[in-house]
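Fold and geometry: a report
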Amino acid sequence: MHTTVERDLELKLVLSPEHSIPVPARLTYRTQDPYAVHVAFHIGSDFPVHWTFARDLLVEGVFRPCGHGDVRIWPTKVDQRNVIFVALTSPDGNALLEVPSAAVAAWVERTLRVVPPGTEAERLGIDEGLAELLAPLPADDLWLRDPWPSDESQDGEA
């Protein structure tokens, strides 16, 4: 059984220190993809903009600065409010998003209850998949037989 944990919230796209615009977004976590967090940004176009990154990155980013490259996350205060900044970089441009800290922390906590840290691999079914892939088939007996019978007689004949 697969579970999905979602949360709709409004982020702020920071355009300058004095100006930002609201951006509706949906955070999604799926147990069949246990290492990833999916974010859909609804920016007024026909299709939302999707980003996927490691759940561990968001978990850590709630408490301390983390990430490098395309996704960087850090907690801070803005006007006495606890927020999380998410910096996204792509070939199409850069975005700095301000996210409400309490809402993200509560959502992350829900994902951690559904799939506790360290148990993600169990959700992937890798062991079961490998066992199925490596299980012998009836035709395998033909391949495992010695194609050149030995010179020794099986009945003790010489």
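Residues numbered from 1 in each chain as written. Predicted model: local features only at pLDDT ≥ 70, side-chain atom pairs only at ≥ 80, totals over all residues. Heavy atoms only, no water.

1. Remarks on the overall build of the protein chain
Definition in use: A run of H or I in DSSP counts as a helix once it spans at least four residues, and a run of E counts as a strand once it spans at least two, with each numbered from the N terminus. Only protein chains enter the accessibility calculation, which uses a 1.4 Å probe. A residue is then buried if its area is under 20% of the maximum for its type, exposed if over 50%, and partly exposed in between. Throughout, a residue-residue contact means that at least one pair of heavy atoms, one from each residue, lies within 4.5 Å. Method for areas: the Shrake-Rupley scheme with a 1.4 Å probe, in which residue coverage is limited to the protein chains shown.
A tally of helices and strands in the protein chain yields five helices and eight strands. In the protein chain, the succession of helices and strands from N to C terminus is β-β-β-β-α-β-β-β-β-α-α-α-α. The 158 residues of the protein chain split such that 28% are buried. Look at the contacts in the protein chain between residues 6 or more apart in sequence, and 34% of them connect residues 24 or more apart. When the accessible surface of the protein chain is summed, it comes to about 11,100 Å², and 55% of that surface belongs to carbon and sulfur atoms.

2. What to know about a nonpolar patch on the surface
As a reminder, the rule being used: Each patch is built from residues lacking any salt bridge and having more than 30% relative accessible area; the joining distance is 9 Å for like charges and 5 Å for nonpolar side chains (Val, Leu, Ile, Met, Phe, Trp, Tyr). Just to be clear on terms, a salt bridge is a Lys or Arg side-chain nitrogen sitting within 4 Å of an Asp or Glu carboxyl oxygen.
On the surface, a cluster of nonpolar side chains totalling about 350 Å² of accessible area is made up of Leu130, Leu133 and Leu134. Mapped onto the secondary structure, Leu130 falls in helix H4 (residues 126–134).

3. Quick notes on the pairing of strand S7 (residues 81–90)
Keep this limit in mind: Strand pairing is assigned whenever DSSP identifies at least 2 bridges connecting the two strands.
Here eight bridges tie strand S6 (residues 71–78) to S7, and the two strands are oriented antiparallel to one another. Bridge pairing in S7 links Arg72 to Ala87. Following S6, the chain reverses through two residues before pairing antiparallel with S7; Asp79 in that reversal takes a positive phi of roughly 50°. The turn joining S7 and strand S8 (residues 93–100), which pair antiparallel and follow one another in sequence, is formed by two residues.

4. Quick look at helix H2 (residues 101–114)
Structurally, the α-helix is built with 3.6 residues per turn, so residues lying three or four positions apart point the same way. Under the convention used in this document: How far a helix is expected to stretch is found by multiplying one less than its residue total by 1.5 Å.
Over its 14 residues, H2 extends 20 Å from the first C-alpha to the last, a length consistent with the 20 Å expected when each residue adds 1.5 Å. All of the buried residues in H2 are Ser101, Ala103, Val104, Trp107, Val108, Thr111 and Leu112. Residues of H2 that are buried sit in contact with strand S1 (4–16), strand S2 (19–30), strand S3 (36–41), helix H1 (55–61), S7 and S8.

5. With respect to the pattern of salt bridges
Under the definition given, this model contains five salt bridges. Close ionic contact of Asp8 with Arg26 constitutes a salt bridge, the shortest N to O distance being 2.7 Å. Of this pair, Asp8 sits in strand S1 while Arg26 sits in strand S2, placing them 18 residues apart in sequence. For Asp8, a relative accessible area of 48% translates into the label partly exposed. A residue is classified by how much of its surface remains accessible, and Arg26, at 32% relative accessible area, is partly exposed. The closest approach of N and O atoms between Glu120 and Arg55, which form a salt bridge, is 2.8 Å. Of this pair, Glu120 sits in helix H3 (residues 120–124) while Arg55 sits in helix H1; the two residues are 65 residues apart in sequence, bridging distant segments of the chain. Judged by relative accessible area, Glu120 falls into the buried class, the value being 6%.

6. With respect to the side chain of Thr28
So the rule is basically this: Polar contact is defined as a pair of N or O atoms within 3.5 Å, subject to the rule that within protein one atom must be able to donate a hydrogen and the other to accept it, and that residues adjacent in sequence are counted only when both atoms are side-chain atoms.
Relative to the assigned elements, Thr28 resides in strand S2. There is a polar contact of 3.5 Å between the side chain of Thr28 and the side chain of Glu6. Apart from the residues lying within four places of it in its own chain, the contact partners of Thr28 are Thr4, Val5, Glu6, Val37, His38 and Trp107.

7. Quick notes on the pairing of S3
In the case of a regular strand, side chains alternate between the two sheet surfaces. With respect to burial, S3 is a largely interior element, six of its six residues being buried. Going residue by residue along S3, you find Ala36, His38 and Ala40 tucked away on one face and Val37, Val39 and Phe41 tucked away on the opposite face as well. Bridge count for S2 against S3 is four bridges, and the pairing is antiparallel. Residue pairing in the sheet places Arg26 in a bridge with Ala40 of S3. Between S2 and the antiparallel strand that follows it, S3, lie five residues. Where S3 and strand S4 (residues 49–54) come together, six bridges link them in antiparallel fashion. By the bridge assignment, Ala36 is partnered in S4 with Ala54.

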